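Descriptive structure summary
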Amino acid sequence: MHDAAQNAGPVDHAGRAARFVANADQTTWHDSVLWRIREKRDAVSEGVQGWERLRDLASQIKEHTLSKLDEYLIEFEKCAAANGVQVHWASDAEAHNRIVYDLLEARDVRRVVKSKSMLTEECGLNPYLEARGLEVVDTDLGERIVQLRGEPPSHLVAPAIHVRREEISVLFHEELGTPAGSSDPQFLAGAMRQDLRARFLAADAAITGVNFAVASTGGLVVVTNEGNANLGAHLAPVHIACMGIEKLIPKPEHLGVFLRLLSRSATGQPLSIYTSHFHRPAPGRELHIVLVDNGRTRHLAREDFRASLKCIRCGACLNTCPVYRRSGGHSYGATPSGPIGAILAPGRDMEKYATLPFASSLCGSCSDVCPVKIDIHAQLYRWRQEAAREGHISRGKRLGMNMAGWITRRPARYRLAGRLARSLLRYAPRRLLYGRWNVWGRARDIPEPPARSFGEWYAAERGKK
Ligand code: SF4
């Protein structure tokens, strides 16, 4: 899996985040860019009458679909096949990659254009195909930027959000031959358009993701702002669409609910520029759909966590999350990153991703903006409990938590501990207070201890009036 390629051992989110925040300018800028998107989302959603009812409806449609996923999948397969689409089933990432490769190999494909697909990132499709001699070109501008940089995407919707314009200027100068120092966004986008146009024309096959698949029609919907999915799929003789099995919705009329929510939540746009519907292959062409499980049915069986499968990958929870905005997508070492990644990744591999549920302030902002009302912060909390139960938290933290439990169990102990802590904070030498053990104090000053506890204050003040 691509996640594995990103980092072999357990992901040290805090360590990775520390490297990101070491660049204070980048952190401030990343934080403010994402917050602006969140503000746009707020402004545009306030203009939609019944926005909350729309969110409720979307949540209910997804819950219903997940409760009958087996039936809807079979209905989808039947309808798609009747339309002339070839449907393939992949139980995991390896099976998905093999199916795609076999299809390409059998048709002697050498050059592939690919539009944005988090599923193919999750499965590590690019490195798999490249290792077998195929040229794979990501055609979404942001995806292409991170591909040229040799990095995974850092955001669901804006894969290169962590890269500054000046860095793109240098990259394009080296890779596309643009004049040194040219950093005008329109010029740079135009240069990439020229470069990609030739690649589209030369491609033997196109791979796309899928935003929604409609069970009753067997149709697919792909949403982009650049039209790259359409161009690839319409020019190449073979179109392979890769989708997680949770992308289904029952009927075409349900699309209106999700399309109104998706781009408003993602970027603050009323609608994405291109909403493309694929139903059948054009004459003489091929359309394949690969339906991928890769742990999704296992996740469906987890009552406490299955709601995360409602996700429509809008990225709103990333934009609003104070931890994501200040630690960057790469600190999660998973696809997707951010709050949704932090509740999906431990289900795939707890050993590796046990730190991710702790990458949150549990403020609940993610759940507040989620268009399908996933209880993200509650799931983060429950994953922490799972991580602790399975022994994935550090010895120091376990000791601290056990001690806190022991102290708070008896009021007398709690009062005594409070007194000791206040004295320690007041009289202990700074060297001791800010030793290596004090992770919190590395970037902050410990507040002045109060002269007395709230309990002592209350006891003294009660009866005064
Ligand atoms: S969890 Fe909700 S807010 Fe986050 S990406 Fe998925 S749909 Fe969007």
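Counting from 1, residues in each chain are numbered in the order their sequence is written. Whole-chain, interface and lining totals are the exception, using all residues; otherwise, since this is a predicted model, local features are given only for residues with pLDDT of at least 70 and side-chain atom pairs are given and counted only at 80 or more. As a rule here, side-chain values come from all non-hydrogen atoms in the structure, and water together with hydrogens is ignored.

Axis angles are defined between N-to-C directions and span 0 to 180 degrees, where every axis is a line fitted to C-alpha atoms and, for a helix, only to the segment in contact. The way it works is that DSSP assigns letters per residue, a run of H or I at least four long becomes a helix, a run of E at least two long becomes a strand, and they are numbered from the N terminus. One can describe the packing of helix H3 (residues 24-46) onto helix H13 (residues 255-267) by two numbers: an axis separation of 6 Å at closest approach and a directional angle of 140°. Where H3 abuts H13, its residues Ile37, Lys40, Arg41 and Val44 lie against Arg264, Ser265, Ala266 and Thr267. Just so you know the grouping, Ala, Val, Leu, Ile, Met, Phe, Trp, Tyr, Cys and Pro go in nonpolar, Asp, Glu, Lys and Arg go in charged, and all remaining residues, Gly too, go in polar. Split into classes, the residues belonging to the contact of H3 with H13 amount to three nonpolar, two polar and three charged. Whether two residues are in contact is decided by their heavy atoms: any pair within 4.5 Å suffices.

With that settled, the discussion passes to the domain arrangement of the protein chain. As annotated, the domain borders come from an automatic or database domain assignment. Here the domain parsing of the protein chain yields domain 1 (50-297) and domain 2 (395-461). Computed from C-alpha coordinates alone, the two centres of domain 1 and domain 2 are separated by 51 Å.

To continue, consider the nonpolar core. Take the buried Ala, Val, Leu, Ile, Met, Phe, Trp, Tyr and Cys residues and link them wherever side-chain atoms come within 4.5 Å; each set so joined is a nonpolar core. The buried label applies to any residue whose accessible area, calculated with a 1.4 Å probe on protein chains only, is under 20% of its type's maximum; exposed applies above 50%, and partly exposed to all values in between. The biggest cluster of nonpolar side chains holds 54 residues, and the ones touching the most others in it are Phe212, Phe258, Ile340, Leu356 and Ile376. Counting residues per element, this core draws most heavily on H13, at seven residues. With near-sequence residues (within four places) excluded, phenylalanine 212 lies in contact with Gly219, Leu220, Val221, Lys247, Ile249, Leu255, Phe258, Leu259, Leu262 and Ile312. With 25 residues, the next largest nonpolar core counts Phe76, Ile245, Leu248 and Leu300 among its residues.

A word on the sheet that holds strand S3 (residues 135-138). Following DSSP output, two strands are said to pair if at least two bridges run between them. With respect to topology, six strands assemble into an open sheet ordered S1-S10-S7-S4-S2-S3, the strand pairing being parallel. Whereas interior strands pair on both sides, the edge strands pair on one side only; in this sheet they are strand S1 (86-90) and S3. Each strand axis lies, on average, 20° off the axis of its neighbour in the sheet, ignoring direction. In this structure, strand S7 (residues 238-244) lies alongside strand S10 (residues 286-292), joined through seven bridges in parallel fashion. Looking across to S10, one finds that cysteine 242 is bridged to valine 290. Here helix H6 (residues 93-106) sits on the sheet in contact with S1, strand S2 (111-114), strand S4 (205-208), S7 and S10, set at roughly 145° to S1. Of the strands in this sheet, S2 and S3 are in contact with helix H11 (residues 185-202), which crosses S3 at around 135°.

When we say a residue is near a molecule or strand, we mean one of its heavy atoms is within 4 Å of it. Around the ligand sit 14 residues, and of these Cys311, Cys314, Gly315, Cys317 and Cys370 come closest. We place a 1 Å grid over just the protein atoms. Points where a 1.4 Å probe fits but has no way out form a cavity, open points with protein on both sides within 12 Å along at least 5 of 7 lines form a pocket, and any residue with an atom within 4 Å of a point lines it. Pocket or cavity membership: a molecule qualifies when more than half of its atoms sit within 2 Å of the grid points of that site. A majority-of-atoms criterion places the ligand in the second largest cavity. Residues that form the shell around the ligand fall into these classes: 12 nonpolar, one polar and one charged.

To continue, consider the pattern of salt bridges. Salt bridge, as used here: a side-chain nitrogen of Lys or Arg that lies within 4 Å of a carboxyl oxygen of Asp or Glu. Counted by the stated rule, this structure contains 24 salt bridges. In this structure, arginine 55 and glutamate 52 form a salt bridge, with 2.8 Å as the shortest nitrogen-oxygen distance. You can see arginine 55 and its partner glutamate 52 sitting in helix H4 (residues 51-67), three residues apart, about one turn around the helix. We note a salt bridge from arginine 382 to aspartate 375, for which the minimum N-O separation is 3.0 Å. A residue is classified by how much of its surface remains accessible, and aspartate 375, at 28% relative accessible area, is partly exposed. Counted as one network, the salt bridges with shared partners bring together Glu52, Arg55, Asp56 and Lys373.

What follows covers the sheet that holds strand S5 (residues 212-214). Across a sheet, paired strands are connected by hydrogen bonds in the backbone, their directions being either parallel or antiparallel. Strand order in the open sheet made by the four strands is S8-S5-S6-S9, with mixed pairing throughout. The open sheet has two edge strands with one neighbour each: strand S8 (248-249) and strand S9 (274-278). Packing against the sheet, H13 makes contact with S5, strand S6 (219-224), S8 and S9, and its axis sits at approximately 175° to S5.

This next bit is on the packing of aromatic side chains. Pairing of aromatic rings covers Phe, Tyr and Trp, the last counted by its six-membered ring, and requires centre-to-centre distances within 6.5 Å; plane angles under 30 degrees mean stacked, over 60 mean edge-to-face, and any other angle means tilted. Here the structure, examined in full by the defined rule, presents six aromatic pairs. Relative to phenylalanine 258, the ring of phenylalanine 212 has its centre 5.5 Å away and its plane inclined at 40°; by these criteria the two rings are tilted. With a gap of 46 residues between them, phenylalanine 212 in strand S5 and phenylalanine 258 in helix H13 connect regions that are remote in the sequence. Each of the two residues, phenylalanine 212 as well as phenylalanine 258, counts as buried. Stacked on the ring of tryptophan 29, the Lys or Arg arginine 164 has its end atom at 4.7 Å from the ring centre. Directly above the ring of tryptophan 406 sits arginine 413, whose terminal nitrogen or CZ lies 4.0 Å from the centroid. Two conditions define a charge located above a ring, namely a distance within 6 Å from the ring centre to NZ of Lys or CZ of Arg, and an angle within 35 degrees of the ring normal.

To continue, consider the environment of asparagine 225. Checked against the element boundaries, asparagine 225 lands in the loop between S6 and helix H12 (228-235). The partly exposed category is assigned to asparagine 225, whose relative accessible area is 36%. Between the alpha carbons of asparagine 225 and leucine 141 there is a distance of 10.0 Å; along the sequence they are 84 residues apart. Once you skip the residues sitting within four places of it in the chain, asparagine 225 turns out to touch Gln269, Ser272, Ile273 and Tyr274.

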